[in-house]
Amino acid sequence: MKTLTTTVALFGCVTAAAAQDLTEDQEAYVTANILGIFYHELGHALIDQMGLPIFGQEEDAADVLSAFMIDALYDEETAVSLAYDTAFGFQAEADETRDDVAWWDVHGPDLQRYYNAVCIFYGANPDERADVAEELGLPQERADYCPEEYDQAAGSWGAVLDELVDAGAGETLVLQVAEGAGPGATIIADVIGAELDALNAEMSLPKVIPVAVADCGEANAFYDPQEETITMCTEFVAHLAGQIE
C-alpha cells in the first residue's frame, strides 16, 4: 500500500465543550472506538460501492480494514494507543455479553474480534510491537502467523486503498449532523469530521458517501446499502464512556 502523507491530528480534535463531561481516559477511549467503528462501516461501504469480492464473512473483512487503517494512518505512538483502546472496546463488549453470546450473529464473538484486531496490528510491525502483543495477551501460537495475516490484509485492502489514492483528493466523504441530535453528536462530529478531512485530502471514493451523525435509540453504527450512507449513532458516546467509569 502507498504511504499516506496526511497524518490525522487525533488527540485534541475533540473540543473542550464537547468533552467537558468526559475524563481524559474516557475521551481517548471514546475517540479510539469511534474511529474503529467508523472504519469498520467504511469497509462495508467500500465492499458495496466497489463490488469487492469477499471470501468469508463480510463483518470479518470490515474488522480487518479497521485494524489495517489504524496502522496505516497514524504515527507509531498514536497507533499503539488506538490499538489498545479499540482492543479494550471488544473486550468490554465481550464482558457485557459473556453469558449471552449470539452465536447466530453475522459478527464474530467479541473476544475473537479482539484477538483478530491485535493480531493484524502486531503483524504489521512485529519487531516493534512484541510488547503490545504480550501485554494484550496474544498467544504465541497465533502471533507466529500474524505477519502473514497482515500481509494478506495489505494485499487485499492495501490494493483497494491504493486505487482510491490514485484517484486523487476529493470530497467524497461528507459529514452530516442531524439537527437536534443528542449530546454525543458534537464529540462524534469532531472526531469523524477531522478524519474525513484527512481522508478527502488523500483519496476519492467511487461515489459520495454521507457520514451521518444522528440519534438512533441505541448505541449502534451501520452502513445502509440502499441509501449508501454511514450512520454513527450519538448513543455510542455514553455507551463507550460507561465502559471505563
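The sections below set out a description of the structure shown in this document. None of these values were measured; they are calculated from a predicted model.

A look at the pattern of salt bridges
Part 1: Under the criterion given, the structure shown has five salt bridges.
Part 2: For R113, the salt bridge goes to D63, with nearest N and O atoms at 2.7 Å. With R113 in helix α4 (residues 110–124) and D63 in helix α2 (residues 58–73), this pair connects stretches of sequence that are 50 residues apart. Summarising the burial analysis for this pair, R113 and D63 share the class buried.
Part 3: Put simply, E76 and R129 hold a salt bridge, and the shortest N to O gap is 2.8 Å. In this pair, E76 is assigned in helix α3 (residues 76–96) and R129 in the loop between α4 and α5 (130–135), connecting sequence segments 53 residues apart.

Considerations on the packing of helix α1 (residues 24–50) against helix α8 (residues 185–200)
When two helices pack together, you describe them by how their axes are tilted relative to each other and by the distance separating the axes.
Part 1: Where α1 contacts α8, the two axes come as close as 10 Å, and the packing angle between them is 55 degrees. By the angle between their axes, α1 is oblique relative to α8. For the element pair α1 and α8, the recorded crossing hand is right-handed. Contacts between α1 and α8 involve V30, T31, I34, L35, F38 and Y39 from the former and I187, I188, V191, I192, E195, L196 and L199 from the latter.
Part 2: Partitioned by chemical class, the residues of the contact of α1 with α8 number eleven nonpolar, one polar and one charged.

Observations concerning the nonpolar core
Part 1: Core analysis: the biggest nonpolar cluster contains 72 residues, and I34, F38, L46, I230 and M232 have the highest contact counts within it.
Part 2: Sort the elements by how many residues they give to this core and α1 lands first, with 13 residues.
Part 3: Discounting chain neighbours no more than four positions away, the residues touching I34 are I187, I188, V191, I192, M232, V237 and L240.

Here we look at the side chain of D85
Part 1: Along the chain, D85 falls in helix α3.
Part 2: In this structure, D85 is buried with no salt-bridge partner, the nearest side chain bearing the opposite charge being R129 at 15 Å.
Part 3: When near neighbours in sequence (up to four residues on either side) are disregarded, D85 contacts A28, Y29, A32 and N33.

Some words on the environment of V132
Part 1: The topology assignment puts V132 in helix α5.
Part 2: Remark: the alpha-carbon pair of V132 and V80, spanning 52 residues in sequence, is separated by 7.8 Å.
Part 3: Among all residues touching V132, those that are not within four sequence positions of it are V80, Y84 and F121.

Overview of the layout of surface pockets
Part 1: One number sums up the size of the second largest pocket: a volume of about 610 Å³.
Part 2: Lining the second largest pocket are 23 residues, and of these D60, A61, V64, S156 and W157 lie nearest its centre.
Part 3: If you list the elements that add at least two residues to the lining of the second largest pocket, you get α2, α4 and α7 (146–166).
Part 4: Per-element accounting of the lining of the second largest pocket gives the leading share, six residues, to α7.
Part 5: Among the residues forming the lining of the second largest pocket, the class breakdown is 13 nonpolar, five polar and five charged.

Some points on the packing of aromatic side chains
Part 1: In the structure shown here, the tally under the stated rule is four aromatic pairs.
Part 2: Each ring, one from F68 and one from Y150, has its centre 5.6 Å from the other, and the planes form 25 degrees; the classification is stacked. Of this pair, F68 sits in helix α2 while Y150 sits in helix α7, placing them 82 residues apart in sequence.
Part 3: In this structure, R129 packs its charged tip against the face of F121, placed 3.8 Å from the ring centre.

Considerations on the packing of α1 against α7
Part 1: Direction vectors running N to C along α1 and α7 enclose 70 degrees, while the axes themselves pass 12 Å from each other. Classed by the angle they form, the pair α1 and α7 counts as roughly perpendicular. Of the residues in α7, those touching α1 at G43, L46, I47 and M50 are W157, V160, E163 and L164.
Part 2: In terms of residue class, the contact of α1 with α7 is made up of six nonpolar, one polar and one charged.

What counts as what
Residues numbered from 1 in each chain as written. Predicted model: local features only at pLDDT ≥ 70, side-chain atom pairs only at ≥ 80, totals over all residues. Heavy atoms only, no water. Salt bridge = Lys/Arg side-chain N within 4 Å of Asp/Glu carboxyl O. Helix = DSSP H or I, 4+ residues; strand = E, 2+ residues; numbered from the N terminus. Buried < 20%, exposed > 50% of the residue type's maximum accessible area, 1.4 Å probe, protein only. Axes fitted to C-alpha atoms, helices over the stretch in contact; angles between N-to-C directions. Parallel < 35°, antiparallel > 145°, perpendicular 65-115°, else oblique. Left-handed = near helix turned anticlockwise from the far one by under 90°. Contact = heavy atoms within 4.5 Å. Nonpolar A, V, L, I, M, F, W, Y, C, P; charged D, E, K, R; others polar. Core = buried A, V, L, I, M, F, W, Y, C linked by side-chain atoms within 4.5 Å. Lys, Arg positive; Asp, Glu negative; His and termini not counted. 1 Å grid on protein atoms, 1.4 Å probe; cavity = no way out; pocket = protein on both sides within 12 Å on 5 of 7 lines; lining within 4 Å. Points joined across faces, edges and corners; volume = space filled by probe spheres on them. Phe/Tyr/Trp six-rings, centres within 6.5 Å; stacked < 30°, edge-to-face > 60°. Lys NZ or Arg CZ within 6 Å of the ring centre and 35° of its normal.

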